[in-house]
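In case you want the letters, here they are:
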Amino acid sequence: MHFFKRIISFFHKNEQAIYFILLLCIAFTFSFSRYFLRFWVILMILLFILNGGFRVKIQRLKQNFPLLVLSSFFFLFLLGAFYAVEPSEAFKHLRILLPWLGLPIVIGSYPKLSNSRFYLFLQIFILGVFLHTIISYLASTGLPLGEVDTFRDLGLYYSIHRFALTIVLAIFFLFYFIKSQYYHLNKIKLTGYFIVLLWLIIFLFYTKNLTGILVFVAIFAVYSLKFVFFHKNIYLRTASLVLFLSVSVFFGSKFYEIYDDFWNLPDINELELPEKTPNGNEYFHDTSSIRVINGNYLYLFVCGKEMREAWKKRSELGFDERTENGRKTGNVLRKYLTSKGLHKDSVGISKLNETDIEAIENGIINYKYINFDFTDRLYETVREIYYYQKKNKPNGTLTARLFAIKEGVKIFKQKPLFGYGTSSTNIKYNEHYSHFDESNRYFVPAHNQYLQILIEFGIVGFLWFLVAIFYPYFSIKGYRLFLFNTMFAYFLLASLMNNPFNSQLALTIWVSFYSVFYVYFGSHNKEHEAINNV
């Protein structure tokens, strides 16, 4: 008994130090294990309860009252569980949302972190993300650190979408750290931090995750313009303008090039299409096909006989065999020739160099995909939109999500005031899609948090959601704070393309940073107000 009293006494005397250590464990674990993350969160809540001292904690919570407003959103899910389509599933879902209830209360009950601890908290998070990127990259080169077959597997410990968005946070947090500690770091440390920052940006594009890249570019563009117009340092303003224009030109040229390849196509004059190849064999022309690659029609100027014979002379890989990534060689060859604007015949194959042959053997269907960048992801995305526009039906993950948003609005309109209850979105989508032709389906629920809230809780619940997340933000003028703005923009933009409330990891990341930033910056604001009132 005496032993247990000593343990309790130790935890009580060192409560704030242990709380900070657990906070660091949470920050580091964001990048590696949802199970350990859950363990640290539970430990933190137990520490909060078992150490008592609730009178002081309640007093601090009163000072951080907006965090209670933030955590109150959990009760909307609780209420929604009682009238949900499947109440049992709804109550199970509440377990995912417990950090949203617990963490703002716990973090809001402890004193704000000192400056040194706050910066260490950011550094530990950045370190975890950095190590994850290194391990993922090494695994992608073939080292036995995890299975990485495609870029989608680069998130070794959780989905690539969550991982890419976490990298975005780490990039801007590291930029803030460098900016705020610039004059306190020696040249070696400063160089090291800049190298890590550059690596994280490069790796983000290496993931080819459009959600993460677009969120990064959007936040970057806003901050660049802010620096251009409002910063006093002329050198920083000039550098920001150059960066903004460079990024704008790069992405603008990419999008124009892709637009030109899909929506500025030459007209087909069937009377002018040659019937035979230069060697006298018949061409096949399918003028009704809308399949295009790099502005060239896939099913024009096709002579399968010549392609088969000419390919034998250029490669040991059989025409009917599979390439390195499992695609049929003949199909890859036809698409690759189309991408270069060459005819699908012996003459076209004769114009391929050794680099082209190797690319085809590796299963690359477009010569623009050979060099490292995310062009293939952009083309894949735009191709989906192009065919969706032509056929008016989803044909990939992006267009399936766009279609789901359109159909989700119809579901919401059927019960717009209070919705269908917690965890009812998938059920209602399945019911809605059951009326569509099964043989012609590529349908999924919308990956959009705002629409999900509207479907499950209606307009009333959506207003509650807006109050819960915006009230603490405006109460401490978070729009003036770089970190708070970054974290807030990250959540708002990510929610357009994901459902953070369906993932305990994503939800815990956001609510943890929100709570820590609120206590830290909120206390600063109160201290400044107190000084000004003296």
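Everything here concerns the structure above.
Attention in this report is confined to the structure presented alongside it. (Residues numbered from 1 in each chain as written. Predicted model: local features only at pLDDT ≥ 70, side-chain atom pairs only at ≥ 80, totals over all residues. Heavy atoms only, no water.)

### Some words on the overall build of the protein
1) Next: Helices and strands together make up the secondary structure of the protein, namely 22 helices and 2 strands.
2) Next: When the backbone C-alpha atoms are referred to their principal axes, the protein occupies close to 95 × 60 × 55 Å.
3) Next: Burial analysis of the protein (534 residues in total) assigns 49% to the buried set.
4) Next: Counted over contacts in the protein with a minimum sequence separation of 6, partners at least 24 positions apart contribute 71%.
5) Next: Carbon and sulfur atoms make up 61% of the accessible area of the protein, which totals about 27,200 Å².
6) Next: Positive and negative side-chain charges in the protein, numbering 54 and 37 respectively, have mean positions lying 16 Å apart. (Helix = DSSP H or I, 4+ residues; strand = E, 2+ residues; numbered from the N terminus. Buried < 20%, exposed > 50% of the residue type's maximum accessible area, 1.4 Å probe, protein only. Contact = heavy atoms within 4.5 Å. Areas by Shrake-Rupley, 256 points an atom, 1.4 Å probe, with all protein chains shown as cover. Lys, Arg positive; Asp, Glu negative; His and termini not counted. Charge placed at Lys NZ, Arg CZ, Asp CG, Glu CD.)

### Quick word on helix 6 (residues 73–82)
One turn of the α-helix equals 3.6 residues, which is why residues spaced by three or four share an orientation.
1) Next: Buried within helix 6 are the following residues: Phe 73, Phe 74, Leu 76, Phe 77, Gly 80 and Ala 81. All buried residues of helix 6 lie within an arc of 155 degrees about the axis, which places them on one face of the element.
2) Next: Buried residues along helix 6 sit against helix 5 (65–71), helix 7 (87–107) and helix 20 (449–475). (Arc of directions from axis to C-beta.)

### Some words on the packing of aromatic side chains
1) Next: This structure, assessed with the given rule, holds 68 aromatic pairs.
2) Next: Centre to centre, the rings of Phe 30 and Phe 513 are 5.7 Å apart; their planes meet at 45 degrees, and the pair counts as tilted. Residue Phe 30 is found in the loop between helix 2 (15–29) and helix 3 (34–50), and its partner Phe 513 is found in helix 22 (residues 504–532); the two are separated by 483 residues along the sequence. As far as burial versus exposure is concerned, Phe 30 and Phe 513 are alike and both buried.
3) Next: Considering the side-chain rings of Phe 491 and Phe 501, the 6.3 Å spacing of their centres and the 90 degrees angle between planes classify their relative orientation as edge-to-face. Residue Phe 491 is found in helix 21 (residues 482–497), and its partner Phe 501 is found in the loop between helix 21 and helix 22; the two are separated by 10 residues along the sequence.
4) Next: Exposure remark for Phe 501: the relative accessible area of 1% places this residue in the buried category.
5) Next: The ring centre of Phe 54 lies 5.5 Å from the NZ or CZ of Lys 57, which sits over that ring.
6) Next: Over the ring of Tyr 367 we find Lys 340, and its NZ or CZ is 5.7 Å from the ring centre. (Phe/Tyr/Trp six-rings, centres within 6.5 Å; stacked < 30°, edge-to-face > 60°. Lys NZ or Arg CZ within 6 Å of the ring centre and 35° of its normal.)

### Here we look at the nonpolar core
1) Next: Phe 118 and Phe 517 are the most contacted members of the largest nonpolar core, which has 118 residues in total.
2) Next: The element contributing the most residues to this core is helix 9 (residues 160–180), with 15 residues.
3) Next: Among the nonpolar cores identified, the runner-up in size contains 33 residues, and Phe 262, Leu 265, Ala 310 and Val 382 belong to it. (Core = buried A, V, L, I, M, F, W, Y, C linked by side-chain atoms within 4.5 Å.)

### Some points on the packing of helix 18 (residues 397–414) against helix 19 (residues 425–433)
1) Next: Close contact between helix 18 and helix 19 brings their axes to 11 Å; oriented N to C, the two are set at 100 degrees. Classed by the angle they form, the pair helix 18 and helix 19 counts as roughly perpendicular. From helix 18, Phe 403, Ala 404, Ile 405, Glu 407, Gly 408, Lys 410 and Ile 411 reach across to helix 19, where they touch Lys 428, Tyr 429, His 432 and Tyr 433.
2) Next: Considering only residue class, the contact of helix 18 with helix 19 consists of 6 nonpolar, 2 polar and 3 charged. (Axes fitted to C-alpha atoms, helices over the stretch in contact; angles between N-to-C directions. Parallel < 35°, antiparallel > 145°, perpendicular 65-115°, else oblique. Nonpolar A, V, L, I, M, F, W, Y, C, P; charged D, E, K, R; others polar.)

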